[in-house]
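Spelled out, the chains give:
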Amino acid sequence: MLIVQKFGGTSVGTIARMKRVAKRCLETQRKGHDVAVVVSAMSGETNRLLALTRQIHEDPNDREVDVVVATGEQVSVGLVALAIRKLGGKAQSFLGHQVKITTDSAHSRARIRSIDAERIHQCFREGKIAVIAGFQGMDEAGNITTLGRGGSDTTGVAIAAALKADVCEIYTDVDGVYTTDPNICPSARKIERISYEEMLELASLGAKVLQIRSVELGMKQGVPIHVRSSFNKNEGTWVVPEEKTMEEVVVAGVSANRDEAKITVRGVPDQPGVAARIFQPLTEASIVVDMIIQNVSEAGHTDLTFTVPKGDVKRAVEFLTTKCGDLCGNGQRISYDDTLAKVSIVGVGMRSHAGVALRMFELLAKEGINIVMISTSEIRISVVIDAKYVELAVRVLHDGFGLDKPPEKRVTVA
Ligand code: ADP
Ligand code: ASP
Ligand code: MG
């Protein structure tokens, strides 16, 4: 088989752990498989490097930030390759550009365009383990780029797709994908198999165990992803195409995202083109708008409320004030709240079961948690609430939908 093994920051967080990673990769190779290993920076390193850039400049240039933060992974690949050699194995390290991981030029959130698989196959022919730096690539002009936080997951899956690997194993500090973050909710249970769609929703709603783009890519390219612990040999979670039995589970998981802020623009004219004008400056500033709600119009005017990442809220208000002052009374009619969080329930079973939203609202009401905004998709319901209740809300929804019990013992609604 051809196996890609991706090890996250905690898994390579110390020299002792790197030695264990090396042992694990070698064991896999010695079973007769070709092995490509993708590694992250040692835990805490990317944050440390980002902080250094901010000590020099409060709003640092993205291109230079990428040059700095990409070094974390460079250290890891060299050390892991050395550790494999020390154990008597053969290994070669590669930076992103050395296996031609070509990306677009969107620094700090670049997308992979292509990878040269031949260089890695050559490594296999020489009996070596290829140790590849996660998170980084190079654009057409030769600039170093990075793929966004958690981007090594995406490197792992992209390498697996390019090599047509049998599996992409994501080694991390938990035993797999859980029904909710096991570090927040002690009753969370490991999921055995989850569909790409559900995983995509959970990841985009705050479960950082897999980067969203890695799931997107796995789904598109049909790469089976196996999320498992680097500290034991337990079977983890398989992320795979949807299976019939998955529909029987109404809610597969609960996610939370604390990075939510709400902006309201009151009294905007209820006319064609107004929403487009309001969202245009935000798009130009690369501010991602999530939920959008427009009120019923009264006397030709309406209120528009939407959410943006917390870190972007002040910039968003500034842009709106300067670019469409006529629509918001030069900022007078804009208000914002950045003490919010979004809690979501996800499951493909929602397509075929009624009463899920009602049950969610009842569970929250029983705890006196007020819902500020609601949004839904076919397989997800999200609510925005006061950030101080987020952990309570996660636990109440998790146990309320029976996720603390094995799938066959969960009660379904209606
Ligand atoms: P790595 O450094 O290995 O990439 P991350 O810290 O990026 O690891 O992701 C693993 C973490 O994701 C876990 O420690 C856990 O706290 C968090 N997490 C959030 N939601 C979930 C979930 N549903 N299942 C498993 N882990 C989750
Ligand atoms: N080192 C990068 C980060 O901390 C990429 C990764 O670990 O996946 O975000
Ligand atoms: Mg990660």
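Scroll up for the structure.
Residues numbered from 1 in each chain as written. Chains lettered and ligands numbered in written order. Predicted model: local features only at pLDDT ≥ 70, side-chain atom pairs only at ≥ 80, totals over all residues. Heavy atoms only, no water.

Asker: Which residues make up the site of ligand 1, and what values go with them?
Answerer: What surrounds ligand 1 is a group of 17 residues, the closest being Thr-172, Asp-173, Tyr-178, Asp-181 and Asn-183. At a separation of 3.2 Å, an oxygen atom of ligand 1 approaches a polar side-chain atom of Lys-6. A distance of 2.7 Å separates an oxygen atom of ligand 1 from a polar atom in the side chain of Thr-172. Coverage of ligand 1 by the protein chains reaches 88% of its 570 Å² of free accessible surface. Its residues assigned to classes, the shell around ligand 1 shows seven nonpolar, six polar and four charged. (Near = heavy atom within 4 Å. Polar contact = N/O pair within 3.5 Å; in protein donor to acceptor, adjacent residues only side chain to side chain. Areas by Shrake-Rupley, 256 points an atom, 1.4 Å probe, with all protein chains shown as cover. Nonpolar A, V, L, I, M, F, W, Y, C, P; charged D, E, K, R; others polar.)

Asker: Which residues make up empty space enclosed by the protein, and what values do they have?
Answerer: Scanning the entire structure with this criterion turns up two cavities of 30 Å³ or more. Considered as a void within the structure, the second largest cavity measures approximately 30 Å³ in volume. Contributing to the lining of the second largest cavity are Val-265, Ile-278, Leu-320, Cys-324, Leu-327, Cys-328 and Ile-334. Partitioning the lining of the second largest cavity into residue classes produces seven nonpolar, no polar and no charged. (1 Å grid on protein atoms, 1.4 Å probe; cavity = no way out; pocket = protein on both sides within 12 Å on 5 of 7 lines; lining within 4 Å. Points joined across faces, edges and corners; volume = space filled by probe spheres on them.)

Asker: Provide a residue-level description of the state of the cysteines, including the pertinent values.
Answerer: In protein structure, a disulfide is the covalent linkage between the sulfur atoms of two cysteines. For the coordinates displayed, the defined rule picks out zero disulfides. There is no disulfide at Cys-123, and the cysteine sulfur nearest it, in Cys-25, is 12 Å away. (Disulfide = S-S within 2.5 Å.)

Asker: Could you give an account of the sheet that holds strand E16 (residues 334-346), naming the residues involved and the relevant values?
Answerer: The six strands lie next to each other as E14-E15-E13-E16-E18-E17, forming an open sheet whose pairing is antiparallel. In this open sheet, the two strands that pair with only one neighbour each are strand E14 (292-294) and strand E17 (373-377). Looking at each pair of strands side by side, their axes are set apart by 25° on average, direction ignored. Here strand E13 (residues 253-269) pairs with E16 via ten bridges, running antiparallel. What sits directly across from Ile-263, in E16, is Tyr-336. This element, helix H11 (residues 356-366), spans E16, E17 and strand E18 (380-386) of the sheet and lies at about 20° to E18. (Pairing = 2+ DSSP bridges. Helix = DSSP H or I, 4+ residues; strand = E, 2+ residues; numbered from the N terminus. Axes fitted to C-alpha atoms, helices over the stretch in contact; angles between N-to-C directions. Contact = heavy atoms within 4.5 Å.)

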